[in-house]
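Here's the letter readout for the chains.
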Protein chains: 2
Amino acid sequence: MTSPTGRGDLFSPACPTRLLLDRIGTKWTSMVVKLLAEAGDGEVRFAELQRRMPGVSQKMLSSTLRSLTNDGLVARRVEPTVPPKVHYRLTPLGQSLEVHLAGLRDWAETHMAEIDRARGYAGETT
Amino acid sequence: MTSPTGRGDLFSPACPTRLLLDRIGTKWTSMVVKLLAEAGDGEVRFAELQRRMPGVSQKMLSSTLRSLTNDGLVARRVEPTVPPKVHYRLTPLGQSLEVHLAGLRDWAETHMAEIDRARGYAGETT
DNA sequence: CGGAATCCCAATCGATACTG
DNA sequence: CAGTATCGATTGGGATTCCG
């Protein structure tokens, strides 16, 4: 199992940002974190997450959640009932990350229009 | 063309964070931004960037820079000399993003150890 | 209901070669 | 030196199916 970092360590330790972005930069991760963050203390069930993430497949949601859980950003609680219920929530670590993600989100909402405007324009002031 | 991905716009406008992360989450983007940020006002030449990014190919560096330029995050200055010299620098927009990236970087450096510790552990307090 | 396993396609990335 | 074009290898991601 080639661990995510197990690859050739070009200069990984020098740039943990890359490692982090590799995780939160994946297609669904940021959304899961966002949804869990919005839930506050509330835990969210697998099916509900899936319901609120149109377009996600079980595989990806499952995979994303497993990654986040393994990274200690998300906590998983299983109710050993007959139809098993699995609840997810952000760990304190995940919450601390969410703060920065929120900052990024804010930046995005503020400046995305600029970016969109710039696209195909590239006209800087020399 | 609909969007950079050309794919179906599931709920893009609802989550600009995703769009942003799609950009800065790519393999080399964050590093380019970081290097340009470290250069301060200093512009950095293509070759120097490549030199300071072991493992990157011209293609990817070029592609990354073009994306960033198109997004208005990076400015490109060309000296029309015989051996053309192209200088890149962060735009104010790019710099404003770098602030948040720095925050993320800081978080990563602070908590990456925790994440690393958690990996393969998954032992939350239930 | 949750999720693991399989299969498959599409996008991405890397290496090379060629142009201005 | 800077950049593009092409090709091949790798990967991520989606649909489906089966198991607890």
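The structure contained in this document is the topic of the report that follows. Quick caveat: nothing in here was measured; it's all calculated off a predicted structure. (Residues numbered from 1 in each chain as written. Chains lettered and ligands numbered in written order. Predicted model: local features only at pLDDT ≥ 70, side-chain atom pairs only at ≥ 80, totals over all residues. Heavy atoms only, no water.)

Below, the discussion takes up the overall build of chain A. Each helix and strand counted, chain A has five helices and three strands in total. The secondary structure elements of chain A, listed N-terminal to C-terminal, are α-α-β-α-α-β-β-α. A buried classification covers 42% of the 126 residues belonging to chain A. For chain A, contacts bridging at least 24 residues in sequence account for 44% of all contacts bridging at least 6. With the model as given, the accessible surface of chain A reaches about 6,800 Å², and the carbon-plus-sulfur share is 53%. (Helix = DSSP H or I, 4+ residues; strand = E, 2+ residues; numbered from the N terminus. Buried < 20%, exposed > 50% of the residue type's maximum accessible area, 1.4 Å probe, protein only. Contact = heavy atoms within 4.5 Å. Areas by Shrake-Rupley, 256 points an atom, 1.4 Å probe, with all protein chains shown as cover.)

Taken together, the neighbourhood of DNA strand C is formed by 16 residues, with A:Ala47, A:Arg76, A:Tyr88, B:Lys59 and B:Met60 sitting nearest. Of all DNA strand C atoms lying within 4 Å of any protein atom, the proportion belonging to sugar or phosphate reaches 66%. Within the side chain of A:Tyr88, an N or O atom sits 2.8 Å from a phosphate oxygen of DNA strand C. Contributions of two or more residues to the surface near DNA strand C are made by helix H3 (46-52), helix H4 (58-70) and strand S3 (85-90) of chain A together with helix H4 (58-70) of chain B. Residue composition of the surface near DNA strand C, grouped by class: eight nonpolar, two polar and six charged. (Near = heavy atom within 4 Å. Polar contact = N/O pair within 3.5 Å; in protein donor to acceptor, adjacent residues only side chain to side chain. Nonpolar A, V, L, I, M, F, W, Y, C, P; charged D, E, K, R; others polar.)

The next subject is the pattern of salt bridges. Opposite charge on two side chains permits them to pair, given that their charged atoms come into close proximity. Residue and element names in this part refer to chain A. Applying the stated criterion across every chain, the model contains 14 salt bridges over all chains. The salt bridge involving Glu38 is made with Arg52; its shortest N-O contact spans 3.6 Å. With Glu38 in helix H2 (residues 29-38) and Arg52 in helix H3, the pair connects residues that are 14 residues apart, well separated along the chain. Arg52 gets classed as partly exposed once you look at its relative accessible area, which sits at 38%. Overlapping salt bridges, with partners in common, bring together Glu38, Glu48 and Arg52 in one network. (Salt bridge = Lys/Arg side-chain N within 4 Å of Asp/Glu carboxyl O.)

This part is about the sheet that holds strand S1 (residues 44-45) of chain A. All names here are of chain A. Here we have three strands laid out as an open sheet, ordered S1-S3-S2, and antiparallel in their pairing. A strand with exactly one partner marks an edge of an open sheet, and here the two such strands are S1 and strand S2 (74-79). Judged from the two bridges that link them, S1 and S3 form a sheet pairing that is antiparallel. Bridge pairing in S3 places Val44 opposite Tyr88. (Pairing = 2+ DSSP bridges.)

Let's shift gears to the protein's contact with DNA strand D. Around DNA strand D, a shell composed of 16 residues is seen, among which A:Lys59, B:Phe46, B:Ala47, B:Ser62 and B:Arg76 lie nearest. The contact atoms of DNA strand D, taken as those within 4 Å of the protein, divide so that sugar and phosphate hold 64%. Side-chain polar atom of B:Arg66 to a phosphate oxygen of DNA strand D: 3.2 Å apart, as the coordinates give it. Counting residues per element, the ones that place at least two in the surface near DNA strand D are H4 of chain A together with helix H3 (46-52), H4 and strand S3 (85-90) of chain B. The residue makeup of the surface near DNA strand D, split by class, is eight nonpolar, two polar and six charged.

Core analysis: the biggest nonpolar cluster contains 58 residues, and A:Leu49 and A:Met53 have the highest contact counts within it. Every residue in contact with A:Met53, bar those within four places of it in the chain, is listed here: A:Trp28, A:Met31, A:Val32, A:Leu35 and A:Leu61. (Core = buried A, V, L, I, M, F, W, Y, C linked by side-chain atoms within 4.5 Å.)

Turning to the interface of chain A and chain B, a few remarks are in order. Contacts between the two partners involve 51 residues from chain A, matched on the other side by 50 residues from chain B. Between chain A and chain B, the buried area comes to about 4,600 Å², and carbon and sulfur atoms account for 70% of it. Connecting chain A to chain B are zero salt bridges. Inspection of the chain A/chain B interface yields four residue pairs in polar contact (both at pLDDT 80 or more). If you list the elements that add at least two residues to the side of chain A that touches chain B, you get helix H1 (16-24), H2, H4 and helix H5 (92-118) of chain A. Residue contributions to the side of chain A that touches chain B peak at 16 residues, all from H5(A). Partitioning the side of chain A that touches chain B into residue classes produces 25 nonpolar, 14 polar and twelve charged. (Buried area = accessible area lost by both parts, 1.4 Å probe.)

A word on the relation of the copies chain A and chain B. Once chain A is rotated about the relating axis by 180 degrees and shifted along it by 0.0 Å, it coincides with chain B to within an RMSD of 0.1 Å. The transformation just described matches what one would write down for a two-fold rotation axis. Scanning chain A for the C-alpha nearest the rotation axis identifies A:Gly25, at a separation of 2.3 Å. When the interface residues of chain A are mapped onto chain B, 96% of them again fall at the interface, so both copies present the same face. (Least-squares fit on C-alpha atoms with pLDDT ≥ 70 in both.)

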